[in-house]
Amino acid sequence: MGLKDLSSLVTPNNILATGGVRLVPDDSVTFIAEIVRPWGTVSDAEVGLLGVPFDGCVSYRPGTRFGPDSIRQALKLGTTYSVALDQDFSGLHLVDCGDVIASNVIKDMHDRVESVMSILFENRIFPLTIGGDHSISYPCIRALSRKNRGTRVGVIDFDAHFDSRKALPGREHSGMWVEQIQSMDGLPVAAANIVQIGIGDFAYSREYRNSILNHGGSFYTPQDIRNKGLETVVDKAVEQATRGVEALYVTVDIDCIQQAYAPGTSVPNPVGLSPWDLLAALDRISVHPLFSGFDLVEVAPPLDIDGMTSRLGAEIIRRVLCGLSLRFR
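Residues numbered from 1 in each chain as written. Predicted model: local features only at pLDDT ≥ 70, side-chain atom pairs only at ≥ 80, totals over all residues. Heavy atoms only, no water.

## So, the overall build of the protein
The helix and strand tally for the protein stands at 9 helices and 12 strands. Here the C-alpha atoms of the protein give a radius of gyration of 18 Å, agreeing with the 20 Å that 2.2 N^0.38 yields for 329 residues. Summarising its shape, the C-alpha atoms of the protein cover approximately 55 × 40 × 40 Å along the three principal directions. For the protein, the proportion of its 329 residues judged to be buried stands at 56%. Taking as baseline every contact in the protein between residues at least 6 positions apart, the subset at least 24 positions apart corresponds to 77%. As presented, the protein carries roughly 13,700 Å² of accessible surface, and 50% of it is formed by carbon and sulfur atoms. Here the protein holds 30 positive side-chain charges and 39 negative ones, and the gap between their average locations is 4 Å. (Helix = DSSP H or I, 4+ residues; strand = E, 2+ residues; numbered from the N terminus. Rg over C-alpha atoms; globule rule 2.2 N^0.38 Å. Buried < 20%, exposed > 50% of the residue type's maximum accessible area, 1.4 Å probe, protein only. Contact = heavy atoms within 4.5 Å. Areas by Shrake-Rupley, 256 points an atom, 1.4 Å probe, with all protein chains shown as cover. Lys, Arg positive; Asp, Glu negative; His and termini not counted. Charge placed at Lys NZ, Arg CZ, Asp CG, Glu CD.)

## Side note on the environment of Trp39
Its place among the elements puts Trp39 in the loop between strand E2 (37–38) and strand E3 (47–52). Residues Trp39 and Arg329 lie 290 residues apart in sequence; the distance between their C-alpha atoms is 21 Å. Once you skip the residues sitting within four places of it in the chain, Trp39 turns out to touch Leu3, Lys4, Leu6, Ser7, Val10, Val95, Asp96, Cys97 and Gly98.

## Side note on the packing of aromatic side chains
Within this structure, the stated rule accounts for 3 aromatic pairs. Lying across the ring of Tyr138, Arg142 places its NZ or CZ 4.7 Å from the centre. (Phe/Tyr/Trp six-rings, centres within 6.5 Å; stacked < 30°, edge-to-face > 60°. Lys NZ or Arg CZ within 6 Å of the ring centre and 35° of its normal.)

## Describing the UniProt feature "binding site: Mn(2+)" (unreviewed entry) in the protein
Mapped onto this structure's residue numbering, the UniProt feature "binding site: Mn(2+)" (unreviewed entry) falls at His134, Asp159, His161, Asp163, Asp253 and Asp255. In three dimensions, the annotated residues from a span of 122 residues occupy one location, with a maximal C-alpha spread of 12.3 Å. Examined against the element boundaries, Asp163 turns out to sit in the loop between strand E8 (153–158) and helix H4 (177–181). When its relative accessible area of 6% is taken as the criterion, Asp163 is described as buried. Setting aside chain neighbours within four positions, we find Asp163 in contact with His134, Ser174, Gly175, Met176, Trp177, Val178, Glu179 and Tyr204. Among the secondary structure elements, Asp253 is positioned in strand E11 (residues 247–253). If we ignore the near neighbours within four places in the chain, the residues touching Asp253 are His134, Phe158, Asp159, Val297 and Glu298. Within polar-contact distance, the side chain of Asp253 engages the side chain of His134 at 3.2 Å. (UniProt positions renumbered as here; feature names shortened; annotations may be inferred. Polar contact = N/O pair within 3.5 Å; in protein donor to acceptor, adjacent residues only side chain to side chain.)

## Some remarks on the packing of helix H7 (residues 230–241) against helix H8 (residues 275–285)
Across the interface, H7 lies against H8 with an axial gap of 10 Å and an inter-helix angle of 45°. Compared by their axis directions, H7 and H8 come out oblique. For the pair H7 and H8, the sense of crossing is right-handed. Where H7 approaches H8, its residues Leu230, Glu231, Val234, Asp235 and Val238 are matched on the opposing element by Asp277, Ala280, Ala281, Arg284 and Ile285. For the contact of H7 with H8, the per-class residue count stands at 6 nonpolar, no polar and 4 charged. (Axes fitted to C-alpha atoms, helices over the stretch in contact; angles between N-to-C directions. Parallel < 35°, antiparallel > 145°, perpendicular 65-115°, else oblique. Left-handed = near helix turned anticlockwise from the far one by under 90°. Nonpolar A, V, L, I, M, F, W, Y, C, P; charged D, E, K, R; others polar.)

## A few points about the packing of helix H1 (residues 67–75) against helix H9 (residues 308–328)
Where H1 contacts H9, the two axes come as close as 8 Å, and the packing angle between them is 70°. Considering their axes alone, H1 and H9 lie roughly perpendicular with respect to each other. Considering how the two elements wind past one another, H1 and H9 form a crossing that is right-handed. Contact with H1, carried on its side by Ser70, Ile71, Ala74 and Leu75, involves Ser310, Arg311, Gly313, Ala314, Ile317 and Arg318 of H9 and no other residues of that element.

## What to know about H7
Between the first and last C-alpha of H7 there are 16 Å, a value that for 12 residues agrees with the 16 Å anticipated at 1.5 Å per step. Burial in H7 covers these residues: Leu230, Val233, Val234, Ala237, Val238, Gln240 and Ala241. Taken around the axis of H7, the buried residues stretch over an arc of 165°, which confines them to a single face. Tucked inside the fold, the buried residues of H7 contact E8, strand E9 (194–197), strand E10 (218–220), helix H6 (222–228), E11 and H8. (Expected span 1.5 Å × (residues − 1). Arc of directions from axis to C-beta.)

## A short note on the pattern of salt bridges
Tallied over the full model, the rule gives 15 salt bridges. A salt bridge links Asp277 to Arg226, with the nearest nitrogen and oxygen atoms 3.8 Å apart. With Asp277 in helix H8 and Arg226 in helix H6, this residue pair connects regions lying 51 residues apart in the sequence. A relative accessible area of 14% means that Asp277 is categorised as buried. (Salt bridge = Lys/Arg side-chain N within 4 Å of Asp/Glu carboxyl O.)

## Considering the side chain of Ser137
Tracing the backbone through its elements, the reader meets Ser137 in helix H3 (residues 137–145). Those residues within four positions of Ser137 in sequence are excluded, and the remaining contacts are Trp177, Thr251 and Asp295.

This is the structure:
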């Protein structure tokens, strides 16, 4: 399948693909809107932005369906150069694949997401997906697992929640996707290759914790980051998630971040990770040779304060793009 097959599955989104937004009269500065192109106009794409405006599985307060547009708006305001990393991603061949056409039927929506992701993988385009609620990680990972008729996948999940509740027909919600990826047909993701970072307090029970550990999975709390050190935790997470697999998928639920920095989400987190924790972790992960897909989910603009969570979301995406530019070049 070629990119032309996307036409029946997505609607164009022109917020970024406008041919350039020059906010300062300085030709040495490049804004992301100057390099991103609509998917139908190129044949050499390396990275594809994809919006999934869906919150039909949100378990608490809706609003994440507005996340893709809001984060794209915030992306327009930043350049392609990171001072902290001394890295510019303007050389990436970046396309905006638009938004997956929404459906109110959960299975239909997930099937559409999987179909779009399969096209991107088949065309060797790295998918950078903006949700939407966290249920969309399931079809994204399912598509990666089915790539080449069977790809073993490891997952690193930045999240305040285990999201491992039992998947029950007719009772789907965004807290089930970790259980779903372990129950897929074909090559399910092994618990031993799932690592969760940022798990918070007072949302689950000891039974959930013990189930994760007894099945070989692992998780780290914000306190672990402070006690053990970020680099130690991230390096252990990467080693475990990539052991015996061919691909690494990374998902970021914005509720892993303290609500002081990310109030615009369904379940704000009073004692989560700091933005610097997350960005530094992604700097280390995004250059890994097995890194094959990424999503950012649960940004809910109607619940935000002055757009601050969307701006943080845009910063997260830009840092991943910096890592990919280092890896691809």
